[in-house]
Amino acid sequence: MKVRFNSTQGFILALLIHVLVVGLLVMSSFDTEKSIKPESVETEPQVMNAIVIDQGKIKAEAKRLEEAEKKKQDDQTKRKQEAIDTERKRKAEEKKLAELKQQQKELEQKRQQEEKAHKAAEQERVQQEKLHLEEEQKKQADELVKLEAEKHQKEQEQKKLKEEQLKKEALIQAEAEKKRLEEEAHQKAEADKKAKAEADAKRRADEDQKRRNAEMAVEEAARAKEVAGGFYGKIASQVKRNFNIRGFKSGLKCVLEIRMVPGGDVISVNVIESSGDSRFDRAAEIAAQKASPLPVPDDKKIFDQYFRTVRFRFNPG
Amino acid sequence: MKKIAQALLTIAGLNLAGLHLASPVFAEEVMTIEITEGVENATPIAIVPFESPEAGLPVNISQVVTDDLESSGYFKTMPVTDMPSQPNDFKSIMFDDWKRMGMDNLVVGKASETASGYAIEFRLADVYKGSQLTGLRVMSKASSLRFAAHQISDVIYEKLTGEQGVFATRITYITVKKEGKKKRYHLEMADADGSNPVVLFSTSHPIMSPVWAPNGHQLAYVSFEEGNSAIYVQNISTGKRQMVASGRGINSSPAWSPDSSKLAMTLSKDGNPEIYIKNIRTNQFTRITNNRAIDTEAAFSPDGRNLVFTSNRGGSPQIYQTPVSGGSAQRLTFNMGKYNAGASYSPDGKMLTFVHQSNGAYQIAVLDLDYQQLTVLTDARQDESPSFAPNGNMIIYSTNRGHRSELAAVSVDGKIHKRLTIRGSEVRDPDWGPFVR
């Protein structure tokens, strides 16, 4: 940057010098233009100058020139008249102009020499600058190369580092994955173990429950029998109270089968083993009928199992 | 737990062996409950008033039946006022109403007039089964309506007790009626309940010990009408009398053989009162006893092979038994007090009834010959002349109440006592006649 700035500075300086020189030349030409007829050859520097000066001014100048031309044509006649008058003046002025031309030519030569020298110097300087710039550029390039190298190296390093990092990360990841897998496996094992334990526990609980149920069923059955037994006792006493054995010989016995509905109402009585004495059988039947409703448990299950149908063996001895 | 339950069941008198089988399966199990006891109650029976002809009946039949059954002691009859309804035929019976009242048996019937008298129809219903146990149509003359009622009672009794009824049997006895200063002795016969008395023979001399021939047609008795005692046999329907023993001394205590062909009796024609058997057809006497003590009051066993009699050969009056075919007599009453006399067999031959003295009172007792079990059935001071009913369930006897003597009956188990209302200042020497064929 700094290098470029220096080169630009030099360039601007050279430009300024050119402008200054051209400016001086323009100033002098303006002076002459007012007095002399513009010539196409002579206008060359003007054109050159026009490059330097502002384009707007050139346009204005052109316009002005157009107007002046028009005026000149208008005045042409006038001037033809005047030309003779001025011929003499012109010859004098031509002389003066030649002198001026000489002067200008010398000045131009001097200026060209100076400019040549300046240009050489400038060229030298530019060369120098260029060299310098090249050096700088080279240096810069070297620097760049170096930087590039460094950058490359750095990048390489970074890449390497990154690779290492990646490798490391991969390793870590692998490690982590392994660990995760292990963990998973462990967890799975744990879960399996837990599941198995739970399943075992559940199975044991189920078995326990089953056993308990079975035990309960047995207990229930035992309880039902106990309950049933108690009610059988009550039924027996109630039937006995209604069993009129007066006048019967000893040794008679019969078996009845009765059917009851919940609540103990006897709905049917059948002699399934006769005593051989129809009166004895009937006394038994009447006992069962009269004892109705018989005391039975409210528990429907027990009733259904033990009381829907009951047999009585009448054997008063 | 099971032990306790078992113990409870044992206490309850049950044998629930099936309960040992601990089956958790709730299938219906048919258990057998043992009923090892019963009660001895009168059997409930309701005799609904019979439908009568518009003109009415000379005898209230349903009332007679009710009284018969009630008097037997085996029945508890329902008062008419307690009856839920009074049906007269089987199809009108609302069994549930009677069931609710605890009624086991129900009798319904009706009497209607016929050309020769009445037709009585009745049905005995089993209330719990809603079925008919028995039914009968009895034709009767107006004069025998009461007996027809007793026949109905017998049918019901037999159906329900298994024993033949004795309501339509008759009794014979002696009444003494005062006519001014004199006494008049009557040989009478009546229905078993003492109703319908009929005089068969009457005399101003004492008569005693009438006994009914097993064939039902004859009576034998002792009469003093000739001055001395004599034994007569009288045909009931013809009234024809025959003197069968009138020897010197005592002629007493006639007793029929089961076939009604022979009479056992006490005669002292040979000096000492001994037991003889007289064949009525052949007029032959057979001496059964020969002992220096008094042997008297003989009675045949139902099989006719043995005689029981009273003898004081052991020092006090006791009951002996001797074979009719000859042989030595055996004493039957040991350790049963100082006085046991006037025995007779029960119809089944397993028991004797006689007068037993205890604590100075003469009472009616029965002796179970198999078990040597003496049971005193009465508790008055002076009871005499016991006689089994033909079904063996009751014993009729005479009992002295103050200066009067009357008839009473007691069941062989001693549970039923009844008094027969028979007119007369003195009613004694009853004998229960056989079943009427």
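Calculation rules
Residues numbered from 1 in each chain as written. Chains lettered and ligands numbered in written order. Predicted model: local features only at pLDDT ≥ 70, side-chain atom pairs only at ≥ 80, totals over all residues. Helix = DSSP H or I, 4+ residues; strand = E, 2+ residues; numbered from the N terminus. Contact = placed C-beta atoms within 7 Å. Nonpolar A, V, L, I, M, F, W, Y, C, P; charged D, E, K, R; others polar. Pairing = 2+ DSSP bridges. Axes fitted to C-alpha atoms, helices over the stretch in contact; angles between N-to-C directions. Parallel < 35°, antiparallel > 145°, perpendicular 65-115°, else oblique. Left-handed = near helix turned anticlockwise from the far one by under 90°. Expected span 1.5 Å × (residues − 1). Buried ≥ 20, exposed ≤ 12 C-beta atoms within 10 Å, placed from the backbone. Core = buried A, V, L, I, M, F, W, Y, C linked by C-beta atoms within 7 Å.

A. Examining the overall build of chain B more closely. For chain B, the helix and strand inventory stands at four helices and 30 strands. Residue pairs in contact within chain B that sit at least 24 positions apart in sequence constitute 42% of those at least 6 positions apart.

B. Seen up close, the interface of chain A and chain B. Facing 41 residues of chain A, the contacting portion of chain B comprises 35 residues. At 16 residues, helix 4 (residues 76-242) of chain A tops the list of elements feeding residues into the side of chain A that touches chain B. Of the residues contributing to the side of chain A that touches chain B, the split by class is 17 nonpolar, ten polar and 14 charged. Note: strand 3 (residues 309-314) of chain A against strand 1 (residues 31-35) of chain B, five bridges, orientation parallel. Of the residues in strand 1 of chain B, the one forming a bridge with A:Arg313 is B:Glu34.

C. Up close: the packing of helix 2 (residues 61-72) of chain B against helix 4 (residues 145-161) of chain B. Residue and element names in this part refer to chain B. Here helix 2 crosses helix 4 at 50 degrees, and the two axes come no closer than 9 Å. As summarised for this structure, helix 2 and helix 4 are arranged oblique, according to the angle between their axes. At the point where helix 2 passes helix 4, the crossing takes the right-handed sense. Side by side, helix 2 and helix 4 meet where Ile61, Val64, Val65, Asp68, Leu69 and Ser72 of the first sit next to Leu145, Arg146, Ala149, His150, Ile152, Ser153, Ile156 and Tyr157 of the second. Within the contact of helix 2 with helix 4, the residues separate by chemical class into nine nonpolar, three polar and two charged.

D. Structural context of helix 4 of chain B. Residues and elements named next belong to chain B. For helix 4, spanning 17 residues, the distance from its first C-alpha to its last is 24 Å, which sits close to the expected 24 Å at 1.5 Å a residue. Counting buried residues along helix 4, 14 of its 17 residues qualify, which places the element largely inside the surrounding structure. Phi turns positive, to about 85 degrees, at Gly162, one or two residues after helix 4.

E. Quick peek at the environment of B:Arg305. All names here are of chain B. Along the chain, the position of Arg305 falls in the loop between strand 18 (295-300) and strand 19 (306-311). With 18 residues separating them in the primary sequence, Arg305 and Pro323 have C-alpha atoms 5.9 Å apart. Those residues in contact with Arg305, other than ones at most four positions away along the chain, are Pro323 and Val324.

F. The arrangement of unusual backbone geometry in detail. Here the residue pair A:Ser292 and A:Pro293 is connected by a cis peptide bond, since its omega of 0 degrees sits within 30 degrees of zero. Structurally, A:Pro293 is set in the loop between helix 5 (278-291) and helix 6 (300-306). One non-glycine residue with positive phi stands out, namely B:Asn283, at about 60 degrees. Residue position: B:Asn283 is located in the loop between strand 16 (274-279) and strand 17 (284-287). Look at B:Asn283 and you get exposed, because 9 C-beta atoms sit within 10 Å. Unusually for a residue other than glycine, B:Asp429 sits at a positive phi of about 50 degrees. With respect to the helices and strands, B:Asp429 occurs in strand 30 (residues 426-432).

G. Representation of the sheet that holds strand 3 of chain A in the model. Read from one edge of the open sheet, four strands run 2(A)-1(A)-3(A)-1(B), paired in mixed fashion. Two strands lie at the open edges of the sheet, namely strand 2 (265-273) of chain A together with strand 1 of chain B, each paired on one side alone. Geometrically, the sheet is characterised by an average inter-axis angle of 30 degrees between neighbouring strands, direction not taken into account. Here seven bridges tie strand 1 (residues 254-261) of chain A to strand 2 of chain A, and the two strands are oriented antiparallel to one another. From the neighbouring strand, A:Leu256 faces strand 2 of chain A, where its bridge partner is A:Val271. In this fold helix 4 of chain A packs onto strand 3 of chain A together with strand 1 of chain B, with an angle of close to 45 degrees to the strand it touches most, strand 1 of chain B.

H. Summary view of the nonpolar core. In terms of nonpolar packing, the biggest core is built from 143 residues, with A:Ala284, A:Phe312, B:Leu106, B:Val107, B:Ala220, B:Leu307 and B:Ile395 touching the most fellow members. Looking at this core, the element that brings in the most residues is helix 4 of chain B, giving nine residues. Each residue touching B:Val107, except ones within four places of it in the same chain, is listed here: B:Ile45, B:Ile47, B:Val48, B:Val65, B:Phe122, B:Leu124 and B:Ile156.

I. Representation of the sheet that holds strand 6 (residues 131-140) of chain B. All names here are of chain B. If you walk across this open sheet you meet the five strands as 3-2-4-5-6, and the pairing is mixed. Edge positions in the open sheet fall to strand 3 (75-77) and strand 6, since each of these has one partner strand only. Looking at each pair of strands side by side, their axes are set apart by 25 degrees on average, direction ignored. Sheet topology places strand 5 (residues 117-126) next to strand 6; nine bridges connect them, and they run antiparallel. Considered in strand 6, the bridge of Leu124 is made with Thr134. Packing against the sheet, helix 4 makes contact with strand 2 (43-47), strand 4 (105-114), strand 5 and strand 6, and its axis sits at approximately 160 degrees to strand 6.

J. Geometry of the packing of helix 4 of chain A against helix 5 of chain A. Residue and element names in this part refer to chain A. Interaxial distance between helix 4 and helix 5 falls to 8 Å at its minimum, and their mutual angle equals 120 degrees. Here helix 4 is positioned oblique relative to helix 5, judged by the angle of their axes. Of the two possible hands of crossing, helix 4 and helix 5 adopt the one that is right-handed. Of the residues in helix 5, those in contact with Gln238, Val239 and Asn242 of helix 4 are Ala287, Ala288, Lys290 and Ala291. Residues of the contact of helix 4 with helix 5, tallied by class, amount to four nonpolar, two polar and one charged.

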